[in-house]
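# Structure assessment
What follows is each chain in one-letter form.
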Amino acid sequence: MEFIIAEEGVPINLGPDGGSVAYFGSEIDFQYEMESPHGDGIFSAKLPLLERSLPFWLYGQNLLFLDAYYLLAETVEKGSCSPICSMLINIHYGQYASLGQWYNSVRIEEKGIRLRNDFNGSSFFLENPKELQWNEI
């Protein structure tokens, strides 16, 4: 199992063995579960310091750590590979917020994050994560 120290704003792509990612004093562990029809790895995840497992699975590509708390990830329901939904996960406090759909293009700007779905043209600008509807893990 690989151990990675994440950098803010630098996407991480997991290998087939999963791994542990450390970020600003927190950690998230990824366990390989299945492969999507397009060959992408899908992983379950847990926050070992909080002793909590995430209630959904994550694609192991383009994992983006933001601020000192958050992981932006492409997620799916457990046991499936679609539909994909972008999720913001607070790895320090064990919370998550759905962004409502899949955004495959992410651009960090001075005042926030611009997310875009290149397939249907929809976009979303995230300026203040506290305004999202947060759920406990």
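The structure contained in this document is the topic of the report that follows. (Residues numbered from 1 in each chain as written. Predicted model: local features only at pLDDT ≥ 70, side-chain atom pairs only at ≥ 80, totals over all residues. Heavy atoms only, no water.)

### Concerning the pattern of salt bridges
Within this structure, the stated rule accounts for four salt bridges. We note a salt bridge from Arg 114 to Glu 109, for which the minimum N-O separation is 3.1 Å. Glu 109 sits in the partly exposed class, given a relative accessible area of 26%. One network of salt bridges, with partners in common, ties together Arg 107, Glu 109 and Arg 114. (Salt bridge = Lys/Arg side-chain N within 4 Å of Asp/Glu carboxyl O. Buried < 20%, exposed > 50% of the residue type's maximum accessible area, 1.4 Å probe, protein only.)

### Quick word on the sheet that holds strand E12 (residues 112-116)
Sheet architecture is open: three strands sit in the order E11-E12-E13, paired in antiparallel fashion. Lying at the two open borders of the sheet, with one neighbouring strand each, are strand E11 (105-109) and strand E13 (123-126). In this sheet, neighbouring strand axes are inclined to one another by 15° on average, regardless of whether the strands run parallel or antiparallel. In this structure, E12 lies alongside E13, joined through four bridges in antiparallel fashion. In the sheet register, Arg 114 faces E13, and the bridge partner there is Phe 125. (Pairing = 2+ DSSP bridges. Helix = DSSP H or I, 4+ residues; strand = E, 2+ residues; numbered from the N terminus. Axes fitted to C-alpha atoms, helices over the stretch in contact; angles between N-to-C directions.)

### Re the side chain of Asp 29
Here Asp 29 shows up in strand E3 (residues 26-35). Here Asp 29 occupies a buried position and makes no salt bridge, while the nearest side chain of opposite charge, Lys 46, is found at 4.7 Å. Here the side chain of Asp 29 touches Ser 20 through a polar contact of 2.6 Å, side chain to side chain. Setting aside residues no more than four positions away along its own chain, Asp 29 makes contact with Gly 19, Ser 20, Ser 44, Ala 45, Lys 46 and Pro 48. (Lys, Arg positive; Asp, Glu negative; His and termini not counted. Polar contact = N/O pair within 3.5 Å; in protein donor to acceptor, adjacent residues only side chain to side chain. Contact = heavy atoms within 4.5 Å.)

### Here we look at the pairing of strand E4 (residues 41-47)
Each regular strand displays side chains that alternate between the two surfaces of the sheet. Counting buried residues in E4 gives five out of seven residues, a clear majority hidden from the surface. In this structure, E3 lies alongside E4, joined through six bridges in antiparallel fashion. If you follow Met 34 over to E4, its bridge partner there is Ile 42. A loop of five residues connects E3 with E4, the two strands running antiparallel in sequence, and Gly 39 in this loop sits at a positive phi of about 90°. Two strands pair when backbone bridges link them, and E4 and strand E6 (residues 57-59) are joined in this way by two bridges, in the antiparallel orientation. Its bridge partner lying in E6, Ile 42 is registered against Tyr 59. Pairing analysis gives two bridges linking E4 to strand E5 (residues 52-53), with the strands arranged antiparallel. The partner of Lys 46 across the bridge, within E5, is Ser 53. Between the antiparallel neighbours E4 and E5 lie four residues, among them Glu 51 with a positive phi of about 55°.

### Overview of the packing of aromatic side chains
Taken as a whole and judged by the stated rule, the model has nine aromatic pairs. A centroid spacing of 5.9 Å and a plane angle of 25° characterise the contact between Tyr 69 and Tyr 93, whose relative ring orientation is stacked. Placement of Tyr 69 in the loop between strand E7 (64-66) and strand E8 (70-76) and of Tyr 93 in the loop between strand E9 (85-90) and strand E10 (95-98) is noted, with a sequence separation of 24 residues between them. Tyr 69 sits in the partly exposed class, given a relative accessible area of 31%. Grouped by ring-pair contacts, the aromatic residues Tyr 69, Tyr 70, Tyr 93 and Trp 134 constitute a single cluster. (Phe/Tyr/Trp six-rings, centres within 6.5 Å; stacked < 30°, edge-to-face > 60°.)

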